[in-house]
Every structure is written in structure tokens, then in C-alpha cells.
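# Observations on chain architecture
Spelled out from the first residue to the last, the chains are:
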Amino acid sequence: MDQIKCKCGHANPVGTMLCESCGRPLELEIKGEASFPDMRYEGMARRSQTYSRTIIDRIWNYFSSVKVAIGIIVILLVASAIGTVFPQQQYIPVPAPTEPDVARFYTDTYGKLGTIYYTLGFHNMYSSWWFVTLLVALGTSLVICSLDRVVPLYKALSKPRVNQHKSFLKGQKFYGEAELSPETDTAALVEAASAALRKRGYRIFRNDQAMMAEKGRFSRWGPYINHIGLIIFLLGVLLRNVPGFYLDEFVWVREGQTVAIPDTPYYVKNVQYHTEYWKEEEMAQELDLKGGAIVKSYQTDAILYLNKNADLPGSTPDLVEIKSGPIVVNHPMEHEGLALYQTGVQEMQLGALNFVLVDKKAGNKEVGPIKLDLYNVSAEQQVAEGVKVRVLDYFPDFVMGKDGKPATQTNLPKNPMFALEVVSEEDNTSEKLVYLSGSVITGKEDSRYTLDFKMPDLIDISGLMVRKDKAVPLIYFGSFIFMVGVAMGFFWQHRRIWLQFHGTRVMLAGHTNKNWYGLKQEAGSMIEQVKLPITIEDKSKA
Amino acid sequence: MDKKNRTYIRVAILGVLLAALVFAVYTSFVKDPNAVKVGREAPNFSLEQLNGSAVTLSDYRGKGVILNFWGTWCEPCKKEMPDLQRQYEAYKDKGLVVLGVNIGESPVTVEPFTKQFGITFPILMDKQSEITKLYRIVPIPSTFFIDPDGKVKEIFLGPLNEDMITEKVAKILPK
């Protein structure tokens, strides 16, 4: 009951267009429809068209539709485009730590449209559940569409039929027939035609009175192979969400500093940072740089450590050196999939202030040097025999607070202010000094001590991007398979030529999925060689 | 064609695809699997105190812990310091601990500050901001209320006043 019976007696599944056994166009013969069916899937019934009783069948049939697939792709394209109209949340250029801040940003910056954008959740589009669902739906559609077509196609192509029915041959766009003289040796003609096409690289299937020559069948698998590539690619993207597969961090490291890389057991030390500039004699032509310079390379000499004591964050690290060497732009330091890229720098930053303590009462005698490390201030230092300097207070980014007390704006040493106490042990006196913005304020009018400024320590702070992406090989592999499939489908064609003798009548038909010109050339030269009296009736427009 | 077999194959394929969907949607909801969340255990850590000796969070199991991230440059942090101190004094005998995690400042900055405010609860020095990153701190002050089992009961972003602290402390005090 779920079958279509062909005249030849073969029972075909519902949806079959060309009889599986003899090749008669079923709709043409049985239903009386005029046009010859599409050869796309060799006239086989696509599996989804067979039954649709259970829910499973219905879901399957839904996703097996190319129209549905195109629908999903269009929705994804439109959504992706909308996601670029306003910046996504992670690219908001101002700090917006809480949800109301984020909402305010969109409203204040983009007005009513911004509010709508935020309300609809478009500010987090690419990680939203519905966008992700659409991506998976696309993957599902890829898998099911492919399976639904590739299985019957494989079955049809793997048993090529030499004896296709006459109406099959007649229905082909590329067709010709002729009457031969009764004494023609048809078996010899089959042999000659086979030999001619074999030379052209065709695979020959034949019997005494008929032949089918086929070439480039594998190109029919191209689209399926490129879909497999796409599915692998999508899997790779999905894998990034598995813990340990993907990391994207950024660390600032001062020269001499060792910092932990977040979410990893690794530490990185910036031994030294260096920017190299092109020398004038290295340049191919003279440029008027107006005193400027062109950077040749940004380089951090770094050491990568593994913390053996990483189980308890914050505890004293037990560092083992793993790797050391330069990190230059585009040449990251790599270790087990972790890559450290040179991506930023803050040069000539204040690292430490240098002074000389001067005793005014002793004829401006230099007592000794004082170093104030802005990142690691020691509370007390011995300046000379019997003279100590204590740091009473330190404001790295000084500002006068609203309450009239000194305060700091950030924890970065942008405008350091120190309150110092000089303690002289010999006469048991102490005196307070304040350093602020390049000047010294003394506690008393006739103070004994003052500070002489020396060149401060300037350091470079290097910005390193830390990346790990274990899914990359899979993504590349998927892309490679995709390209293989595309090449197979694009650069080769599946060509077939049928030659049949029915008594004194000869019939020739050809089919290809593209490049009809090539097929005509090959068939034409064969006809010429074998001297068949056939003129081809060309119904193709190609 | 074997209809039964085909249904099984379809069910299997759809099952795999459904699993992929569930995974994809789940990970899109849980963007940061390491983020500190209410109801989960507070990530353990160890830090040196301002006065030198190291402190480990898990040492305070059995006590209610207020974990407060702060910096001397942060005005609202300054404002809530005395309130935290008062609550600490009021409840420390009932099993409350206040841990003030200072974000990346040097002791010479922090010490005068704590003296000025008369802080007696432990001040932990997160020199490299490691714990700050571990707890994904963005705005400060940020305060975590951790119960005696080490689970996060509440996370509060922004300045707290004394009444709010009292109310939240009641939830984490050991019974």
C-alpha cells in the first residue's frame, strides 16, 4: 500500500520518481505528468518522504527539508547582523559593572532603540539561548538533510543500471537515436564505444547490446563531505565551552614582576621589556618622520613558571621554571596549548623614586640614598650610620579627600605621595618630610633634613594576552574537510553516457550534473570515432 | 527497508543532536563555570595578613564569615568600614569573622588606614589581586556572606549599611 508499482513489476517506495529497477519515470508513466523528473537524487525516494507516522518521523521530515534549512540560515544571518548594530555587552567602552549600569548605557547612548535593543537581549546575542539553539538547529538540519539524501543516492549510484528503460533514455536532456543497417555488428560497436570512452577515463558497464559509461561519480559526494566538514567545525565551536578547552585572559606584568595567569596554574615573569625602532639606514627610503620613529618590534623577555602549589590560591607559590625566552608580536611563547602574546605596553612608567637625604645643618652634606619602590614599599630603610627613614604613609594616586584628609584615587602609582620620618639615632631626634608631585614639604621651618631628587627608576609594563584554544585543530580539520568537499563538487562532474541497441535502432543518452559542454565534447568525439550516425538532440540550455 | 531499524537509527541520531542542544544551551546560560555563586562553596584561598601570618578561608569552617573586598581608594569602602568593625565586635563571640581583603596595595598604605579606622578584624593582603580575580570582583566594595559550612549565602555588590549587615549576619551565624 505504501508502494508504487512500476510497469516492469518492481514495487518502489513512495516518493520514487524513477523506477529503481528499470528506470522508467514513474510519475510520467503512471500519473501521466508531463515533465521528466529531476535527476538530482537519481529519482530515488528520499527517506523522509516515505513515512511520517511517528513523532520521530515528523521531526526528521521537518529537518530534512531544504526550505527549513534555508529558513534557519536566513534567521541566523539576520540575527547576526542585528547583533552588530550596537556593541555587544562585552564591548561596551565604559565600565558597567551591574545590570542597571548596562541598561543605562544602552538607553543613554542609543536612545529608545538602545532600550529596545537591551530589553530584547540583543546586547548578548551570540551567547543567548535562542541564538545557540538556532546554531544547533542548523547543525541538526545539516545532518538530517545530508543523511536523508545521501543514503538513497548511494544506493542508486552503487548499482549502476546498463539496461535503463527507453523512456529513461528519451527523457534525458542529452539524447539521440538512429536507424542502423541490419548487418551492423552491434557488439563490435559497443566494444568500440567502450574503448573510446575508457580512453577518456570513463568506467564502463556493459553487456552485448548496451553500455553505460560513467566518470567522476565521486564528485556527487562533494556536498556531503563539505557538510561533514561544517559539522566538525560546529562541534569545534561547541567544544570551546567545555572547561579547559578555551581561555582568553590578559595580564599586565611590570619588569621584574611575576604574576599569576588567571584560571591556570601558571605564572609569568617579565624579565625585561624592549621596544626596538627602525634605524634610519635600515629604511628603504628617506621618510620625514618629524622626529618620530617607527617601531620594529615589541619584545618581552619572559619566563613561564608552573606553580606546584596551585591547589590553594593565594598561598605562597612554589614555582618551577618551564620556559624562558622572548615574546614578540605574532611570535607567542607557547606551552601545551597555552600561548602568551605580546599585545600591549606602557613604557617609561614610574617604578621607584630615588632621593639623596641631605643634612642642611651640616652644610648640605649628603647623608645617603633613599629608594622608594612604588609597588613594594619597604616600611623602613637604613640611609646611613645611625640614620633611618620610615615610610609613615603612602598614597599611590594622591588626592585631597572631601574630608580634608589625604587619600588615593586608585591603587596605581600615578601621583605618589609619601609621608616620611627621618630618625637620627645619634641625637635621638626625628623629623617628618612629605614628598608630593616633585616637591618636598618639611614639617618645620628650619628643618634639618631635605631630599635631593635623583633620576627615578622607570619601568615598562608589558601587556600579555594569554590564550588557549584546544578546539582549533578540530576547527581547522573541519575547514579542511569542507574545502575538500567543495573542491570535489566544484572541479569534477558526474558524467554518464548510455548506449543501447534495440535491433537496428541505436539510442544514446547522456547526463551530467554540470558542465554539459564537456559531456557533449566527449560524447561527440566518441560518436565520431565509432562513426555512429547519431545527431544529438540537445534539450539542455547549458 | 527495515522500518524498525530506521526508527532506532533516527532516534539515536536525534538523541545525539538533542544532547548537543542541551549542552550548548546550558553553556550559554552558565558563561563562567568558575564564577562564585550563591549556594555554592566559596573558593578556598590563603592570604597573608597585614601583620604577617597567613590565613586560610577553610580554617573558619563552623563560623560565619563576611568576606569584604576593599581598597583605600574606594570611598564607599571607607564608609562601610566602621560598620563592619562594629558588627565584628558585636558578633565575634557568637562566631562571626570579618575578613577584609585589600586589593593590591602595599602595607605602608593599608596600615595607617586601618589604624585610622580602628580596624581589628583580619586584613588580608591580596598583593597580586589573585583572589580578587578568583572571586571575579568588578565593583568594590563587594561582600560575600559565607555560612559555617563554607557556602556562599549572599553576595552584595556596593556599600552596606549597618542594618543591612545585621540582617545578613543573622543568616550566617552558627546555630
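A few words now on the overall build of chain B. Per the secondary structure count, chain B includes five helices and seven strands. Taken over the C-alpha trace, chain B has a radius of gyration of 22 Å; the compact-globule value for 175 residues is 16 Å, which it surpasses by more than 25%. Expressed as a percentage of the 175 residues in chain B, the buried residues total 33%. A separation of at least 24 residues holds for 72% of the contacts in chain B among residues at least 6 apart in sequence.

A count of helical and extended segments in chain A gives ten helices and 25 strands. In summary, chain A has a C-alpha radius of gyration of 40 Å against a globular reference of 24 Å for 542 residues, an excess of more than 25%. Expressed as lengths along the three principal axes of its C-alpha atoms, the size of chain A is roughly 135 × 60 × 50 Å. Taken over 542 residues, chain A has a buried fraction of 29%.

All names here are of chain B. Orientation of helix α2 (residues 75-91) relative to helix α5 (residues 162-172), taken along the N-to-C sense of each, is 40°, at an axis distance of 9 Å. Seen from above, α2 lies across α5 with right-handed handedness. Between α2 and α5, the residues in contact are Asp83, Leu84, Arg86, Gln87 and Tyr91 and Glu162, Ile165, Thr166 and Val169, respectively. Among the residues forming the contact of α2 with α5, the class breakdown is four nonpolar, two polar and three charged.

Moving on: the nonpolar core. Leu67(B), Phe69(B), Val98(B), Leu99(B), Val101(B), Ile140(B) and Ile146(B) are the most contacted members of the largest nonpolar core, which has 38 residues in total. Contributions of two or more residues to this core are made by β3 (64-70), α2, β4 (96-103), α3 (107-117), β5 (123-126), β6 (142-146) and α5 of chain B. Ranked by residues supplied to this core, first place goes to β4(B) with six residues. Beyond its immediate chain neighbours, meaning those up to four positions away, Phe69(B) contacts Val101(B), Ile103(B), Thr132(B), Tyr135(B), Ile137(B), Ile140(B), Pro141(B) and Ser142(B). Leu26(A), Leu499(A), Leu508(A) and Leu532(A) belong to the second largest nonpolar core, which has 27 residues in total.

Helix-helix packing: each pair is described by the crossing angle between the helix axes and the interaxial distance. Residues and elements named next belong to chain A. At a closest axis distance of 7 Å, the pairing of helix α8 (residues 222-239) and helix α9 (residues 472-491) adopts a crossing angle of 165°. Considering the angle they form, α8 stands roughly antiparallel to α9. Remark: the crossing between α8 and α9 carries left-handed chirality.

In this section: the interface of chain B and chain A. Tallying the contact residues gives 42 residues for chain B and 41 residues for chain A. Per-element tally for the side of chain B that touches chain A: the top contributor is helix α1 (residues 3-29) of chain B, with 14 residues. Looking at the side of chain B that touches chain A, its residues break down into 24 nonpolar, 13 polar and five charged.

Two orientations exist for strands paired in a sheet by backbone hydrogen bonds: parallel and antiparallel. All names here are of chain B. Spatially, the seven strands line up as an open sheet ordered β2-β1-β5-β4-β3-β6-β7, and their pairing is mixed. Two strands bound the open sheet, and with one partner strand each, they are β2 (54-56) and β7 (152-157). On average, each strand axis in the sheet is inclined to that of its neighbour by 30°, with strand direction left out of account. The pairing of β6 with β7 spans five bridges and is classified as antiparallel. When the bridges of β7 are listed, Phe145 appears paired with Glu154. Contacting β3 and β4, α2 crosses the sheet at an angle of about 155° to β4.

Residue and element names in this part refer to chain A. Strand order in the open sheet made by the four strands is β7-β8-β9-β10, with antiparallel pairing throughout. Each of the sheet's edge strands pairs with one partner strand only, and the pair in question is β7 (258-260) and β10 (319-328). The sheet shows a mean angle of 25° between the axes of neighbouring strands, direction not considered. Looking at chain direction, β7 and strand β8 (residues 266-277) are connected through three bridges and run antiparallel. From the neighbouring strand, Thr258 faces β8, where its bridge partner is Lys269.

Attention now moves to the pairing of strand β9 (residues 295-307) of chain A. Remember that side chains alternate between the two faces of the sheet whenever the strand is regular. All names here are of chain A. Here eleven bridges tie β8 to β9, and the two strands are oriented antiparallel to one another. Residue Gln272 lies in a different strand from β9, and its bridge partner there is Asp301. Two strands pair when backbone bridges link them, and β9 and β10 are joined in this way by nine bridges, in the antiparallel orientation. Bridging from a neighbouring strand, Asn307 pairs with Leu319 of β10.

Within the secondary structure, Leu350(A) sits in strand β12 (residues 338-359). Considered as a pair, Leu350(A) and Pro416(A) are 66 residues apart in the sequence and their alpha carbons are 9.4 Å apart.

On average, chain B scores 88 in pLDDT, and the residues at 70 or more come to 97%. Two numbers describe this predicted complex: its pTM, 0.72, and its ipTM, 0.81.

Let's shift gears to unusual backbone geometry. Between Ile140(B) and Pro141(B) the backbone carries a cis peptide bond, its omega angle lying at 0°. Positionally, Pro141(B) belongs in the loop between α4 (130-134) and β6. Of note, Asn330(A) is a non-glycine position whose phi angle comes to about 75°, a positive value. Within the element layout of this structure, Asn330(A) appears in the loop between β10 and β11 (333-335). The phi dihedral of Glu336(A) falls on the positive side, at around 45°, and the residue is not glycine. Residue placement: Glu336(A) occurs in the loop between β11 and β12.

Its place among the elements puts Glu105(B) in the loop between β4 and α3. In sequence terms Glu105(B) and Val138(B) are 33 residues apart; their C-alpha atoms lie 17 Å from each other. Aside from chain neighbours lying at most four places away, what touches Glu105(B) is Asn411(A), Gly71(B), Thr72(B) and Val110(B).

When pLDDT is averaged across chain A, the result is 86; 96% of the residues are at 70 or more. Within chain A, helix α1 (residues 26-31) of chain A has the poorest average pLDDT of any element, 60, and helix α3 (residues 66-82) of chain A the best, 95.

All names here are of chain B. With respect to burial, β4 is a largely interior element, eight of its eight residues being buried. Alternating positions in β4 separate into two faces, Leu96, Val98, Gly100 and Asn102 on one and Val97, Leu99, Val101 and Ile103 on the other, with burial throughout. Examined bridge by bridge, β3 and β4 share seven bridges and lie parallel to one another. What sits directly across from Gly64, in β4, is Leu96. Sheet topology note: the β4/β5 ladder contains four bridges and is parallel. Looking at β5, one finds that Asn102 is bridged to Met125. Each parallel crossover has a hand, and the one from β4 via α3 to β5 is right-handed.

Moving on, we come to the environment of Ser479(A). All names here are of chain A. Along the chain, Ser479 falls in helix α9. Between the C-alpha atom of Ser479 and that of Ile232, which follows or precedes it by 247 residues, the distance is 8.2 Å. Contact partners of Ser479, with chain neighbours within four places excluded, come to Gly229 and Phe233.

Thresholds, definitions, all that
- Residues numbered from 1 in each chain as written.
- Chains lettered and ligands numbered in written order.
- Predicted model: local features only at pLDDT ≥ 70, side-chain atom pairs only at ≥ 80, totals over all residues.
- Helix = DSSP H or I, 4+ residues; strand = E, 2+ residues; numbered from the N terminus.
- Rg over C-alpha atoms; globule rule 2.2 N^0.38 Å.
- Buried ≥ 20, exposed ≤ 12 C-beta atoms within 10 Å, placed from the backbone.
- Contact = placed C-beta atoms within 7 Å.
- Axes fitted to C-alpha atoms, helices over the stretch in contact; angles between N-to-C directions.
- Left-handed = near helix turned anticlockwise from the far one by under 90°.
- Nonpolar A, V, L, I, M, F, W, Y, C, P; charged D, E, K, R; others polar.
- Core = buried A, V, L, I, M, F, W, Y, C linked by C-beta atoms within 7 Å.
- Parallel < 35°, antiparallel > 145°, perpendicular 65-115°, else oblique.
- Pairing = 2+ DSSP bridges.
- pLDDT = per-residue confidence, 0-100.
- Right-handed = clockwise from strand over helix to strand, strands pointing away.

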